[in-house]
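# Notes for the structure review
Spelled out, the chains give:
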Amino acid sequence: MPEGLENLHVAIIMDGNGRWAKKRGMPRVLGHKAGGKTLKNIITYAAENYLKALSIFAFSAENWLRPKEEVSFLMDLLDEYIINEWSSITDNNIKFLVSGNVNLIPEKTRNSLLKLIDDTKNNTGLMLNMALSYSGQEEILECVKKIAHKVNSGELSVDDISKETIIEHLYNKELPEIDLLIRTSGEQRISNFMLWRLSYAELYFTDVLWPDFTSDEFNKAIIEYNKRVRRFGKTDEQIKS
Ligand code: IPE
Ligand code: IPE
Ligand code: MG
């Protein structure tokens, strides 16, 4: 892995599990199973290479609309994942976070997610943010409502609302802006992923399907990111000086 990852927040839209399975004449759910293995490898790799934060899109609010068998398979897979990865997450000093409407996750799985968050809250290594039942617009909507309540009760005045106020009320306020967004499977869209924090992210799209995404592919994305010039509105000359 290239150097200098300690300050990076990478986000991944893990896409293409269904197509990976279809290509092999297998049911879609086996694509999700294979995708779970990829995720495990990428997380270990990110933690070993001191990445600051990794946000992964595991299940969107819109994904509830999928056939009920697929949704329940994904929930079971999540449950299994948490159990199997528990010690690897805690042993690797990973701080586990969840973004999304966890109230919709089945109770047993939700309870283990909450316990893992609590068990790892003092860890200082990789911040692993799993987006589950997640919608970027809902995150912003919830944030607006929380702020409006504070204004209503007199705790906050409208003129004191700043960007920091918004960040305070997003899911997991400690998560920094995203530096690099990777999306697999050739789709080139954001699909309602972390809208606020993606504002100035570099975008990297690859045709590789998620189950085929290796640490080498991850490296390729980082190398490409390192070549990008992040101007944040300034000129090239200003950036170099
Ligand atoms: C991504 O793979 C995983 C989830 C959305 C849960 P898909 O299931 O979207 O795979 P494709 O896009 O159908 O190939
Ligand atoms: C986005 O993938 C959500 C996840 C990766 C979990 P989808 O496959 O659901 O996205 P769209 O609907 O094709 O944009
Ligand atoms: Mg998809």
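Data block above holds the structure.
A brief look at the structure comes next.

One pass over the structure, following the stated rule, counts one cavity of 30 Å³ or more. Its volume calculated, the largest cavity comes out at about 50 Å³. If you go around the largest cavity, the residues you meet are Lys40, Ile43, Thr44, Tyr81, Glu85, Ser88, Ile89, Asn92 and Leu128. Of all the secondary structure elements, the ones that give two or more residues to the lining of the largest cavity are helix 2 (28-48) and helix 3 (68-91). Here the lining of the largest cavity is built from residues that sort into four nonpolar, three polar and two charged.

We note that asparagine 172 has phi near 50 degrees; this positive angle belongs to a residue other than glycine. Position of asparagine 172 among the secondary structure elements: in the loop between helix 6 (163-168) and strand 5 (180-183). By relative accessible area, which is 18% here, asparagine 172 ends up buried.

With respect to spatial proximity, the complete set of residues near ligand 1 consists of Met14, Asp15, Gly16, Asn17, Gly18, Arg19, Arg28, His32, Ala58, Asn63, Arg66 and Leu74. One of the backbone N or O atoms of glycine 16 is found 3.4 Å from an oxygen atom in ligand 1. For ligand 1, the protein covers 87% of the area, taking 380 Å² as the surface of the free molecule. At the level of secondary structure, the elements contributing two or more residues to the shell around ligand 1 comprise helix 1 (17-23) and helix 2. Counting residues per element, the shell around ligand 1 draws most heavily on helix 1, which supplies three residues.

Here the largest pocket is characterised by a volume of approximately 750 Å³. Along the walls of the largest pocket sit 32 residues, with Met14, Asn17, His32, Ala58 and Asn63 positioned nearest its centre. Elements with a contribution of two residues or more to the lining of the largest pocket: helix 1, helix 2, strand 2 (53-60), helix 3 and strand 4 (127-134). Looking at the lining of the largest pocket residue by residue, the class counts come to 14 nonpolar, nine polar and nine charged.

Further remarks concern the packing of aromatic side chains. Counted by the stated rule, this structure contains nine aromatic pairs. Ring geometry for tyrosine 200 against phenylalanine 232: centres 4.9 Å apart, planes inclined by 55 degrees, an arrangement best described as tilted. Pair noted here: tyrosine 200 is in the loop between strand 5 and strand 6 (202-205) and phenylalanine 232 is in the loop between helix 7 (215-227) and helix 8 (236-240), with a separation of 32 residues, a long-range link. Accessibility expressed as a relative area gives 43% for tyrosine 200, which makes it partly exposed. Judged by relative accessible area, phenylalanine 232 falls into the partly exposed class, the value being 45%.

Reading guide: rules and limits
- Residue positions are counted from 1 within each chain, in the order its sequence is given.
- Written order determines the labels here, with chains lettered from A and ligands numbered from 1.
- A pLDDT threshold of at least 70 governs which residues receive local features in this predicted model, and a stricter bar of 80 or more applies before side-chain atom pairs are shown or counted, although totals over entire chains, interfaces and linings include all residues.
- By convention in this description, side-chain values take in all heavy atoms of the structure and omit both hydrogens and water.
- Put plainly, a pocket is an open set of points on a 1 Å grid over the protein atoms alone with protein on both sides within 12 Å along at least five of seven lines, a cavity is a set where a 1.4 Å probe fits but cannot get out, and a lining residue has an atom within 4 Å of a point.
- Grid points are joined across faces, edges and corners, and a volume is the space filled by probe spheres set on the points.
- Under the DSSP-based scheme used, a helix requires at least four consecutive residues in state H or I and a strand at least two consecutive residues in state E, with every element numbered from the N terminus.
- Ten residue types, Ala, Val, Leu, Ile, Met, Phe, Trp, Tyr, Cys and Pro, are classed as nonpolar, four, Asp, Glu, Lys and Arg, as charged, and the remainder, Gly among them, as polar.
- Type-normalised accessible area, obtained with a 1.4 Å probe on protein chains alone, sets the label of each residue: buried when under 20%, exposed when over 50%, and partly exposed for intermediate values.
- Any residue with a non-hydrogen atom lying within 4 Å of a molecule or strand is treated as near it.
- Any N or O atom pair separated by 3.5 Å or less is treated as a polar contact, with the protein-specific requirement of one donor-capable and one acceptor-capable atom, and with residues adjacent in sequence counted only for side-chain atom pairs.
- What sets the accessible areas is the Shrake-Rupley method with a 1.4 Å probe; for residues, cover comes only from the shown protein chains.
- Only the six-membered ring of Trp is used, alongside the rings of Phe and Tyr, when aromatic pairs are assigned; centres must lie within 6.5 Å, and planes under 30 degrees apart are stacked while those over 60 apart are edge-to-face, with the rest tilted.

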